[in-house]
Amino acid sequence: MEIETIALWGGFLLGLAALLFFDLFVIHRKSHVVGVREALGWTGIWIALALLFGGGVFIFGGTDKGTEYLTGYVIEKSLSVDNVFIFLIIFQYFAVPPHLQPKVLHWGIFGALAMRLAFILIGAALLDAFHWMIYVFGGILLVTAARLAFQDEHEVHPDKNPLIRLLKRFFPITQDYNDGKFFTRRAGVLMATPLFAVLLMVESTDLVFAIDSIPAIFAVTRDPFIVFTSNAFAILGLRALYFALAGVMVYFTYLRQGLVVILAFVGAKMVLSDVYHVPTLASLAVVVGVLAIAVGASIVFRKKADAGDGTPGHEIAHKPLLQPDSDSP
């Protein structure tokens, strides 16, 4: 690896670490309920930072690299909206107090960034070594699009989650959130709290999304640095995006259809890459256009799930505390 490449990666990772440290230990040092106004403000800040970084890519990397970064960022940002809905379901299912939700999402970001970096480096190495992997990645996206199109709604099944089952085998779980701690000691016994189980649910959910979304950005660029930085900035703003959109997600009736079209488009682009190369600028136009149509259609033809009282959304059955498995020791 060249010295310039090492310096580039090192500088970005140090800057990323500084942003995460500042966000956790300075801005959000104390747990509190994040309001819509605060969430919108931070969403704007994270988007501004992403665009500022993108401006640097345009200046120092050229128009092609800059367009690749911007396209990748828009794709990852749009796909992350589906994560927001999953987080909403998880938090409602486990009745996580609002002031503890930011903590779960913040630590979830650490795990998400680590997983994305590993997947990106592995994916880039596979594409460099085996050209046919591009068809595998394209196929994953097409299957994901089909699954998303025919899946009625997201469901949460913690008792089927292998990480949750593993946790319950090694640690007893408290029946309360214990002031937001992940672990606590009672009567000399180290116990996990439901908040740590929720964190595992969030991490495992992002693992699935990473497997689906990483191939999408490789349809735009093979440069691991562009792939990771666009992913990182999309993930950094995910917590603020959640609190900004959680209350109005139900209004985006046609957003899922838009995501289906985007995934199908980038999947087809990868599968047909040897036949026809879609210009990056055209890809950006398609992604932005599809998102605009999906959001516009949702606003114009929005549907309310509860027609009786006119309030949007539906009730999600929740189980505040985890129950032990029948086969747990």
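Below you will find a few notes about this structure. Since the structure is predicted, the reported quantities are computational estimates derived from the model, not experimental observations.

## Remarks on the overall build of the protein chain
Line of reasoning, step 1. Counting its secondary structure elements, the protein chain contains 11 helices and 2 strands.
Line of reasoning, step 2. Of the regular secondary structure in the protein chain, the N- to C-terminal order runs α-α-α-α-α-α-β-β-α-α-α-α-α.
Line of reasoning, step 3. Scored against the burial criterion, the 329 residues of the protein chain give a buried share of 48%.
Line of reasoning, step 4. Sequence separation of at least 24 residues holds for 80% of the intrachain contacts in the protein chain that already meet a minimum separation of 6.

## Looking at the packing of aromatic side chains
Line of reasoning, step 1. A complete count under the given rule lists 20 aromatic pairs for this structure.
Line of reasoning, step 2. Here Trp 42 and Trp 46 contribute two aromatic rings whose centre-to-centre distance is 6.4 Å and whose plane-to-plane angle is 35°, an arrangement assigned as tilted. Of the two residues, Trp 42 and Trp 46 are both situated in helix 2 (residues 36-61); the distance of 4 residues between them amounts to about one turn of the helix.
Line of reasoning, step 3. Ring centres of Tyr 69 and Tyr 73 lie 6.4 Å apart, and the angle between their planes is 10°; on these two criteria the pair is classed as stacked. Of this pair, Tyr 69 and Tyr 73 both sit in helix 3 (residues 63-93), separated by 4 residues, roughly a single helical turn.

## Some details on unusual backbone geometry
Line of reasoning, step 1. One non-glycine residue with positive phi stands out, namely Asp 179, at about 60°.
Line of reasoning, step 2. You can see Asp 179 is positioned in the loop between helix 6 (162-170) and strand 1 (183-186).
Line of reasoning, step 3. Backbone geometry places Ala 187, a non-glycine residue, at a positive phi of 55°.
Line of reasoning, step 4. Residue position: Ala 187 is located in the loop between strand 1 and strand 2 (189-192).

## Some words on a nonpolar patch on the surface
Line of reasoning, step 1. A surface patch of nonpolar side chains, about 400 Å² in accessible area, is lined by Phe 21, Phe 25, Trp 107 and Phe 110.
Line of reasoning, step 2. Sorting the residues of the nonpolar patch by element identifies helix 1 (3-27) and helix 4 (101-129) as the ones contributing at least two each.
Line of reasoning, step 3. Assignment of secondary structure puts Trp 107 in helix 4.

## Quick look at helix 3
Line of reasoning, step 1. With 31 residues, helix 3 ought to run about 45 Å at 1.5 Å a step, and its terminal C-alpha atoms sit 45 Å apart, in line with that.
Line of reasoning, step 2. Counting buried positions along helix 3 gives 26 out of 31 residues, so the element sits mostly inside the fold.

## A look at the environment of Ser 31
Line of reasoning, step 1. Take Ser 31: it is sitting in the loop between helix 1 and helix 2.
Line of reasoning, step 2. The sequence separation of Ser 31 and Asp 179 amounts to 148 residues, and the corresponding C-alpha distance is 9.7 Å.
Line of reasoning, step 3. With near-sequence residues (within four places) excluded, Ser 31 lies in contact with His 99 and Leu 100.

## Side note on the side chain of Glu 203
Line of reasoning, step 1. Looking at where Glu 203 falls in the secondary structure, it is placed in helix 7 (residues 194-218).
Line of reasoning, step 2. No salt bridge forms around the buried Glu 203; measuring N to O, its nearest opposite-charge neighbour Arg 116 is 8.5 Å away.

## Concerning the environment of Gly 180
Line of reasoning, step 1. By the secondary structure assignment, Gly 180 is in the loop between helix 6 and strand 1.
Line of reasoning, step 2. Between the C-alpha atom of Gly 180 and that of Leu 195, which follows or precedes it by 15 residues, the distance is 6.9 Å.
Line of reasoning, step 3. Those residues within four positions of Gly 180 in sequence are excluded, and the remaining contacts are Leu 100, Lys 103 and Leu 195.

## Thoughts on the packing of helix 3 against helix 4
Line of reasoning, step 1. At a closest axis distance of 13 Å, the pairing of helix 3 and helix 4 adopts a crossing angle of 135°. It follows from the interaxial angle that helix 3 and helix 4 lie oblique. Between helix 3 and helix 4 the crossing geometry is right-handed. When helix 3 is examined against helix 4, the residues Glu 76, Phe 87 and Phe 91 are found in contact with a partner set consisting of Gln 101, Val 104, Leu 105 and Arg 116.
Line of reasoning, step 2. Here the residues of the contact of helix 3 with helix 4 are counted per class, giving 4 nonpolar, 1 polar and 2 charged.

## Section: the nonpolar core
Line of reasoning, step 1. In this structure, Leu 16, Phe 91, Phe 94, Val 96, Val 198, Phe 218 and Tyr 242 are the most contacted members of the largest nonpolar core, which totals 92 residues.
Line of reasoning, step 2. For this core, the leading source of residues is helix 3, giving 15 residues.
Line of reasoning, step 3. Among all residues touching Val 96, those that are not within four sequence positions of it are Phe 91, Gln 101, Tyr 177, Leu 195 and Val 198.

## Digging into helix 7
Line of reasoning, step 1. Helix length check: helix 7, at 25 residues, gives a terminal C-alpha distance of 36 Å against a target of 36 Å (1.5 Å per residue), a fit within 8%.
Line of reasoning, step 2. Within helix 7, 22 of the 25 residues are buried, which leaves it mostly tucked inside the rest of the structure.

The rules behind these values
- Residues numbered from 1 in each chain as written.
- Predicted model: local features only at pLDDT ≥ 70, side-chain atom pairs only at ≥ 80, totals over all residues.
- Heavy atoms only, no water.
- Helix = DSSP H or I, 4+ residues; strand = E, 2+ residues; numbered from the N terminus.
- Buried < 20%, exposed > 50% of the residue type's maximum accessible area, 1.4 Å probe, protein only.
- Contact = heavy atoms within 4.5 Å.
- Phe/Tyr/Trp six-rings, centres within 6.5 Å; stacked < 30°, edge-to-face > 60°.
- Patch = residues over 30% accessible without salt bridge, like charges linked within 9 Å, V, L, I, M, F, W, Y side chains within 5 Å.
- Areas by Shrake-Rupley, 256 points an atom, 1.4 Å probe, with all protein chains shown as cover.
- Salt bridge = Lys/Arg side-chain N within 4 Å of Asp/Glu carboxyl O.
- Expected span 1.5 Å × (residues − 1).
- Lys, Arg positive; Asp, Glu negative; His and termini not counted.
- Axes fitted to C-alpha atoms, helices over the stretch in contact; angles between N-to-C directions.
- Parallel < 35°, antiparallel > 145°, perpendicular 65-115°, else oblique.
- Left-handed = near helix turned anticlockwise from the far one by under 90°.
- Nonpolar A, V, L, I, M, F, W, Y, C, P; charged D, E, K, R; others polar.
- Core = buried A, V, L, I, M, F, W, Y, C linked by side-chain atoms within 4.5 Å.

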